[in-house]
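Residue-level listing of the chains:
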Amino acid sequence: MEEFTTVSEAAEEGVPAQAEAPVPAVRFENVKYTYDDDEEGTVFAVNGVTLTIRAGEFVAVLGRNGSGKSTLAKLINALLRPTEGKVTVFGLDTADAKKAFEIRKSAGMVFQNPDNQTVASVVEDDVAFGPENIGVPREEIGERITAALEAVGMTEFRHATPSRLSGGQKQRIAIAGVLAIQPKIMILDESTAMLDPKGRREVMDVVKKLNKEQGMTVILITHFMEEALEAERAVVMHRGEVVMDGTPEEIFARADELETYNLTLPRAAYICRRLQEAGMPVGNAFNAEELAEAICASLQKG
Ligand code: ADP
Ligand code: MG
């Protein structure tokens, strides 16, 4: 069969335009993952997940402790291989041992504890660690460090000591370390959990910018509902299954269902709900500004 590089080229040749589906960043097909636990026996950490994440998407993954979020993350970057089913990352099968290296390069992971993620005593050496490990030529590493530090707003800390930085700054350095490997996907596994509100804001701003400006696919595992609101899509996990999948607004409008998965609402949405129950018609608000406006509007109506 003849190949055409664009749809219009095909059309010119009189071939019916056939929009080719782009290769998804991540694809789970009926994936199961079990741990063999001495005490618990076989634990189905991921239990029949089918999920597609498009390139450039910003997805929040929610779910109570033990719902399978970290296992899902490790399945994506080939740290774990499915017990059943298939995981592909940009079309590469994670079960193929020969592809593991490439998959790990394309799906970078940032973890929870900022103190466990620095390896060197100077920031730039820390950021260099990843690219050095994958054999990036020495001349290129300097440029990668510059670009990565710039992207996370930490340029001026290039020669600083990681241990002296704030939690938010340390996590931004961890993100820079991943960026220096030039991944296409950034997975953050509760990377804001140990940070103060300012540090959380810093990390979220960096992540949003990477998604918007570099088209980075972002998978943000979080237990902060407010953070999920900043994603374009939210996926809820419960007992190893994906039980909800939609825009954050759609997810948070289903408060009763969320409650059955032991999840709460973003603060503003929660207050909104209580006000509605008390007879004040405030509609749906998801942040403080929207809530204030809704209350004002409702009061003015009298
Ligand atoms: P989450 O990140 O949502 O808290 P995890 O993916 O860490 O969930 O865990 C999912 C399930 O798998 C839990 O029941 C957990 O106890 C179990 N689990 C996770 N890691 C291991 C392990 N190394 N050995 C045995 N069981 C595990
Ligand atoms: Mg976890």
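No experiment lies behind these values; they were computed from the predicted model shown.

1. Things to note about the overall build of the chain
In terms of helices and strands, the chain carries 12 helices and 10 strands. Taking the principal axes of its C-alpha atoms as reference, the chain extends roughly 70 × 60 × 55 Å. With 302 residues in all, the chain has 45% of them scored as buried. In the chain, the proportion of contacts linking residues at least 24 apart, taken out of those at least 6 apart, comes to 61%. If you average the places of the 32 positive and of the 48 negative side-chain charges in the chain, the two averages end up 3 Å apart.

2. Some details on helix 12 (residues 288-301)
For helix 12, built from 14 residues, the straight-helix expectation of 20 Å at 1.5 Å per residue is met to within 8% by its first-to-last C-alpha distance of 20 Å. Of all the residues in helix 12, the buried ones are Leu291, Ala294 and Ser298. Buried residues of helix 12, seen end-on, are gathered within an arc of 65° and therefore sit on one face of the element. Away from the buried face of helix 12 by more than 90 degrees, exposed residues Ala288, Glu289, Glu293, Leu299 and Gln300 are located.

3. Examining the site of ligand 1
As a matter of local geometry, ligand 1 sits amid Tyr35, Asp37, Val43, Ala45, Arg64, Asn65, Gly66, Ser67, Gly68, Lys69, Ser70 and Thr71. Here an oxygen atom of ligand 1 sits 2.7 Å away from a polar atom, N or O, in the main chain of glycine 66. At 2.9 Å, a backbone N or O of serine 70 approaches an oxygen atom of ligand 1. Protein chains bury 63% of the 560 Å² of accessible surface belonging to ligand 1 in isolation. Going through the elements one at a time, strand 1 (26-37), strand 2 (41-53) and helix 2 (69-76) are the ones with two or more residues in the shell around ligand 1. For the shell around ligand 1, the element with the highest residue contribution is helix 2, accounting for three residues. When the residues that make up the shell around ligand 1 are grouped by side-chain class, the tally is three nonpolar, six polar and three charged.

4. Details of the sheet that holds strand 4 (residues 84-89)
Reading across the sheet, the four strands line up as 2-1-4-5 and stay open at both edges, with antiparallel pairing between neighbours. Looking at the sheet topology across the chains shown, the edges are occupied by strand 2 and strand 5 (92-93). Direction of pairing for strand 1 relative to strand 2: antiparallel, over a ladder of 10 bridges. Its bridge partner being in strand 2, phenylalanine 28 is matched across the sheet by leucine 51. Across the sheet, helix 2 lies against strand 1, strand 2 and strand 4, angled at about 120° from strand 1, the strand it touches most.

5. Some details on the layout of surface pockets
Over the atoms rolls a probe the size of a water molecule, and in doing so it shows where empty space is left. Its volume calculated, the largest pocket comes out at about 580 Å³. Lining the largest pocket we find 23 residues, and of these Met109, Gly130, Gly177, Val178 and Ile181 sit closest to its centre. Listing elements by their share of the lining of the largest pocket, those giving two or more residues are helix 3 (100-106), strand 6 (107-110), helix 4 (123-133) and helix 6 (167-179). Partitioned by chemical class, the residues of the lining of the largest pocket number 13 nonpolar, seven polar and three charged.

6. Thoughts on the sheet that holds strand 3 (residues 58-62)
Across a sheet, strands are paired by hydrogen bonds formed along the backbone, either parallel or antiparallel in direction. Reading across the sheet, the six strands line up as 6-7-8-3-9-10 and stay open at both edges, with mixed pairing between neighbours. What marks the edges here is a single partner per strand, and that holds for strand 6 and strand 10 (241-246). If you compare each strand with its neighbour and ignore which way they point, the axes differ by 20° on average. Where strand 6 meets strand 7 (residues 185-189), four bridges bridge the pair, whose relative direction is parallel.

7. What to know about the side chain of threonine 222
Its place among the elements puts threonine 222 in the loop between strand 8 (217-221) and helix 8 (225-228). At 2.6 Å, the side chain of threonine 222 forms a polar contact with the side chain of glutamate 227. Once residues lying within four places of it in the same chain are set aside, the contact partners of threonine 222 are Val61, Leu62, Thr192, Glu227 and Ala228.

8. Examining the domain arrangement of the chain
You can read the domains of the chain as domain 1 (29-110 + 187-194 + 219-248) and domain 2 (113-182). For domain 1 and domain 2, the distance between their C-alpha centroids amounts to 25 Å. Counting residues at the interface gives eight residues for domain 1 and 10 residues for domain 2. Taken as a group, Lys105, Val110 and Met194 account for 62% of the area that domain 1 buries against domain 2, more than any other trio of residues on that side. On the surface where domain 1 and domain 2 come into contact, there are zero salt bridges. At the junction of domain 1 and domain 2, the tally comes to one residue pair in polar contact (both at pLDDT 80 or more). Among the elements of the structure, helix 3 and strand 6 are those that each provide at least two residues to the side of domain 1 that touches domain 2. A per-class count over the side of domain 1 that touches domain 2 returns five nonpolar, two polar and one charged.

9. What about the pairing of strand 8?
With five of its five residues buried, strand 8 lies for the most part within the structure. Burial of strand 8 is two-sided: the residues Thr217, Ile219 and Ile221 facing one way and the residues Val218 and Leu220 facing the other way are all buried. Pairing between strand 3 and strand 8: four bridges, direction parallel. Residue pairing in the sheet places valine 61 in a bridge with isoleucine 221 of strand 8. Bridging between strand 7 and strand 8 involves five bridges; their strand directions are parallel. Across the sheet, residue isoleucine 187 finds its bridge partner in strand 8, namely isoleucine 219. Remark: the strand 7/helix 7 (residues 197-214)/strand 8 crossover connection has right-handed handedness.

Rules of the game
Residues numbered from 1 in each chain as written. Chains lettered and ligands numbered in written order. Predicted model: local features only at pLDDT ≥ 70, side-chain atom pairs only at ≥ 80, totals over all residues. Heavy atoms only, no water. Helix = DSSP H or I, 4+ residues; strand = E, 2+ residues; numbered from the N terminus. Buried < 20%, exposed > 50% of the residue type's maximum accessible area, 1.4 Å probe, protein only. Contact = heavy atoms within 4.5 Å. Lys, Arg positive; Asp, Glu negative; His and termini not counted. Charge placed at Lys NZ, Arg CZ, Asp CG, Glu CD. Expected span 1.5 Å × (residues − 1). Arc of directions from axis to C-beta. Near = heavy atom within 4 Å. Polar contact = N/O pair within 3.5 Å; in protein donor to acceptor, adjacent residues only side chain to side chain. Areas by Shrake-Rupley, 256 points an atom, 1.4 Å probe, with all protein chains shown as cover. Nonpolar A, V, L, I, M, F, W, Y, C, P; charged D, E, K, R; others polar. Pairing = 2+ DSSP bridges. Axes fitted to C-alpha atoms, helices over the stretch in contact; angles between N-to-C directions. 1 Å grid on protein atoms, 1.4 Å probe; cavity = no way out; pocket = protein on both sides within 12 Å on 5 of 7 lines; lining within 4 Å. Points joined across faces, edges and corners; volume = space filled by probe spheres on them. Domains from an automatic or database assignment. Buried area = accessible area lost by both parts, 1.4 Å probe. Salt bridge = Lys/Arg side-chain N within 4 Å of Asp/Glu carboxyl O. Right-handed = clockwise from strand over helix to strand, strands pointing away.

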